[in-house]
Amino acid sequence: MFKGRLSGLSKLKYRAEFRWMVFFIIFLLLGAYLPISSSQQANQTPLPLNFSEGQILYAPMWTTTTYLRRADGSLNRSWASSYFPGEAVWWLGDGTILRTIRTGDGGGAGGSGGGVQKVEWDGTIVWDFRYNTNGVLTHHDVKSLPNGNVLLIAWETKTRTEAIAAGRNPSYVSNQGIKPDHIIEVQPTGPTSGTIVWEWHTWDHLIQDYDSSKANYGFVGDHPELIDVNYQTSTETDWMHTNSIDYNQEFDQILISIHNFNEIWVIDHSTTTEEAAGHTGGNSGKGGDLLYRWGNPMTYDAGTTSDRKLFSQHDASWIDKGCPGEGDILVFNNGANRPGSHYSTVDEITPPVDENGEYYLQQGSAYGPTAQTWIYIANPPTSFYANHISGAWRLPSGNTLITNGETGHVFEVTPELATVWQYNTGGQVFKVVYIPPQAEEPPENETTPDLDCSGSLSWTDIKPGATVVGNFQVQNIGDKASLLNWTVNTSSISWGTWSCNPESGVRLTPEDGSVTVLVSVVAPDESETNFQGFLRVENINDPTNFDTIPVTLTTPVNIIPHWLMFFQQFLFNFLHTHPFLETLINNYCS
């Protein structure tokens, strides 16, 4: 009887295990057969790069890593971070990147940042500046100036009372108030500090025709250099949504893209902060007033819907010197709410500016040009559309590098609109930055680290839920004086609760010798199991440089004691010789 029942339990156990085995095999076969989605294909097998020279730099929006890729698509360098980008990353030309960070302030507002970091080739953060307190928050883009200072776009907070006092229609203001944009120029002064040496505020250049009792009452059609505080009627706090910034050294001017106005603006940077708050001073003599605006003349009562050219645009920039079209402005025109159908274009315009940086405007008319100098448009137009983010870059060859930020699709087109090559970054990206060949190489004194690990982790006969400890060693066996930034990655192990001390390290040289990593593991609450896996120790700056530590842990097997087996066999034989008793017990237990 007892032997029969134990055998039955075993059969049930084996049947269950068999069913799981069959299910697992079917799952694997389905996984091998079913086609991979396009997004998965993009992540796993990027299309090959094929441009002839230079590199590209980009920071996928929902990852914490920045990538630098060569012309053939191979990875030159990557920089790990503790933050998502917020949103732009730029190359500074000396092996250093300028990377915005999303600090978590500002809720889920699009483009939220909070700070900027300057990161060297080896991953060392040499400057970490935050601007995220007292109602201000950096967002979207950043620009390094020739003097080493940095321009940042930021929101500032105005209460509902302050907004109404500035002439905004109360129906357009929520209880949360309004967040107009301002620009600051920061001079780095220490590893985490900086001095604001110049600033410009939208709030200083408003006009409105809603409340004649206010000091800024007037008609924007008579003052296109000012900003109508009531142009946008939404109660959304992010009133302007400025999403890009660029600098023109020749004219000492700043170019910004105002998403919610469907316009680009140019302002004078040669002013003092005091002049930037007023209407006189600087090279232009106009203080902080707008020198030029284009894309939507309805914002200053100089046109109708048919005159509008920009639709939720991003990434406005001057074309660099030495590139065909130098001095023109290139804009990624997203096309959201474009009349007829939604499609994106890249627009090049030639602004009406003279050699002194002064922009022509005929009184009573809109700023020119009336038509774009060049437009990239897909065939058919609706086959190319990015509702938000994205960018464009004019190359020295005259071709244009275009980023569909929503899909991560990057491609180069000729002036005749032919696609030269294409690539997929594998995820959303704010925009891709092109790095010309002369700026490619890292500093001359660069040396390369090489990560190496030794040791293994093995525990046997461990009680479920018990804590075990062990250790292994990490070492830099690379070039003399090279610096290794490393981290332990436990993501491949799905069992137990792991902790490592230290779990990462920075600037480890070969001369430092090995670092011992102490490991603590809480064993899974399962008996009769052999757990296996490996820890992956990674070079933070080079994902291809890693080592693994093998791991095994077994929990005790529940073995039937010898006395119990002897008793079971005795009872079986006894009942077998007394069939009446066996029948009686079986009937009772059934």
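It should be noted that the structure appears before, not after, this text.
What counts, and where the lines are drawn
- Numbers given for residues are sequential positions, taken from 1 along each chain in its written order.
- This being a predicted model, a pLDDT of at least 70 is required before a residue's local features are given, and a value of 80 or more before pairs of side-chain atoms are given or counted; all residues contribute to the totals for chains, interfaces and linings.
- The side-chain quantities take in all heavy atoms of the structure and omit both hydrogens and water.
- Helical segments are the DSSP runs of H or I of at least four residues, strand segments are the runs of E of at least two, and each set is numbered from the N terminus.
- The rule is simple: take the accessible area with a 1.4 Å probe, protein chains only, and divide by the maximum for that residue type; under 20% is buried, over 50% is exposed, in between is partly exposed.
- Note on contacts: a residue pair qualifies if any of its non-hydrogen atoms lie within 4.5 Å across the two residues.
- Exposure was quantified through the Shrake-Rupley algorithm and a 1.4 Å probe, taking into account, for residues, occlusion by the shown protein chains and nothing else.
- Note on definitions: salt bridges are taken to be side-chain nitrogens of Lys or Arg within 4 Å of carboxyl oxygens of Asp or Glu.
- Pairing between strands requires that DSSP locate at least two bridges from one strand to the other.
- In this description, a line fitted to the C-alpha atoms serves as the axis of each element, helices being fitted only across the stretch in contact, and the angle between N-to-C directions of two axes falls anywhere from 0 to 180 degrees.
- What is meant by a nonpolar core is a set of buried Ala, Val, Leu, Ile, Met, Phe, Trp, Tyr and Cys residues, joined one to another through side-chain atoms within 4.5 Å.
- When the centres of two rings from Phe, Tyr and Trp lie within 6.5 Å, Trp using its six-membered ring, the rings pair. Their planes under 30 degrees apart give stacked, over 60 give edge-to-face, and anything left gives tilted.
- Ring-over charges, as used throughout, are those where CZ of Arg or NZ of Lys falls within 6 Å of the ring centre and within 35 degrees of the ring normal.
- In this count, Lys and Arg are taken as positive residues and Asp and Glu as negative ones, while His and the chain termini are left out.
- Definition of a polar contact: a pair of N or O atoms within 3.5 Å, with one able to donate and the other able to accept a hydrogen when the atoms are protein atoms, and with sequence-neighbouring residues admitted only if both atoms are side-chain atoms.

**Q** What am I meant to see in the overall build of the protein here?
**A** Across its full length, the protein carries six helices and 35 strands. Taken across its 590 residues, the protein has 46% of its residues classed as buried. Sequence-distant contacts, at least 24 apart, represent 56% of the contacts inside the protein between residues at least 6 apart. For the protein, the computed accessible surface area is about 28,400 Å², with 53% contributed by carbon and sulfur atoms.

**Q** Whenever I open this one, unusual backbone geometry confuses me. Can you help?
**A** Note that the residue after Gly368, namely Pro369, is joined by a cis bond; omega there is 5°. Looking at the element boundaries, Pro369 is found in the loop between strand 20 (345–349) and strand 21 (374–377). The peptide bond linking Asn379 to Pro380 adopts the cis configuration, its omega dihedral lying at 0°. Of note, Asn262 is a non-glycine position whose phi angle comes to about 55°, a positive value. Notably, Asn337 is not glycine yet its phi reads approximately 65°, a positive angle.

**Q** In this structure, what is going on with the pattern of salt bridges? I would like to understand it.
**A** Pairs can form between side chains of opposite charge whenever their charged atoms are close. Per the stated rule, a full pass over the model turns up 10 salt bridges. A salt bridge links Arg102 to Glu87; the nearest nitrogen and oxygen atoms lie 2.7 Å apart. Of the two residues, Arg102 sits in strand 5 (residues 97–102) while Glu87 sits in the loop between strand 3 (75–80) and strand 4 (89–91), which places them 15 residues apart along the sequence. One exposure class covers both Arg102 and Glu87, and it is buried. With a closest N to O distance of 2.9 Å, Asp315 and Lys431 form a salt bridge.

**Q** Just to check I follow, could you spell out the sheet that holds strand 15 (residues 253–258) for this structure?
**A** Backbone-to-backbone hydrogen bonds join strands into a sheet, with any given pair of strands oriented parallel or antiparallel. Spatial ordering of the open sheet is given by 14-15-16-17, a layout of four strands whose pairing is antiparallel. Sheet topology places strand 14 (242–248) and strand 17 (292–294) at the edges, where each strand pairs with a single neighbour. Averaged over all pairs of adjacent strands, the angle between strand axes in this sheet comes to 15°, irrespective of strand direction.

**Q** Looking at this model, I keep getting lost on the nonpolar core. Mind explaining?
**A** When a protein is soluble and globular, its nonpolar side chains tend to lie buried together. Leu57, Trp79, Trp91, Leu152 and Leu401 are the most contacted members of the largest nonpolar core, which has 39 residues in total. For Leu401, the residues in contact, after removing those within four places along its chain, are Ile56, Gly391, Ala392, Trp393, Leu395, Val410, Phe411, Glu412, Trp421, Val432 and Tyr434.

**Q** Got a minute to help me understand the packing of aromatic side chains in this structure?
**A** Given two aromatic rings, one states the distance between the centres and the angle between the planes to describe the pair. The full count for this structure, using the stated rule, is 21 aromatic pairs. Pairing Tyr292 with Tyr367 gives two aromatic rings, centres 5.3 Å apart and planes at 80°, and the pair type is edge-to-face. Placement of Tyr292 in strand 17 and of Tyr367 in the loop between strand 20 and strand 21 is noted, with a sequence separation of 75 residues between them. Looking at Tyr292, the relative accessible area reads 0%, which means it is buried. Members of the aromatic cluster, each reached through a chain of ring pairs, are Trp203, Tyr231, Trp239, Phe261 and Trp265. In this arrangement the basic side chain of Arg338 is found over the ring face of Tyr343, its NZ or CZ atom lying 4.2 Å from the centre. Over the ring of Trp374 we find Arg394; its NZ or CZ atom is 5.3 Å from the centre of that ring.

**Q** Quick question: what am I supposed to make of the side chain of Asp252 here?
**A** Mapping Asp252 onto the fold places it in the loop between strand 14 and strand 15. Here Asp252 occupies a buried position and makes no salt bridge, while the nearest side chain of opposite charge, Lys143, is found at 13 Å. Of note is the side chain of Asp252, whose polar atom sits 2.7 Å from the side chain of His269. In this structure Asp252 touches Tyr247, Asp268, His269, Ser270 and Asn283, once residues within four positions along its chain are discounted.

**Q** How should I be thinking about the pairing of strand 27 (residues 451–454) in this particular structure?
**A** On a regular strand, one side chain projects to one face of the sheet and the next to the other, so that they alternate. The two faces of strand 27 differ: Leu451 and Cys453 on one face are buried, but Asp452 and Ser454 on the other face are not. Two strands pair when backbone bridges link them, and strand 27 and strand 29 (residues 467–476) are joined in this way by four bridges, in the antiparallel orientation. When the sheet's bridge partners are listed, Ser454 is paired in strand 29 with Gln473.

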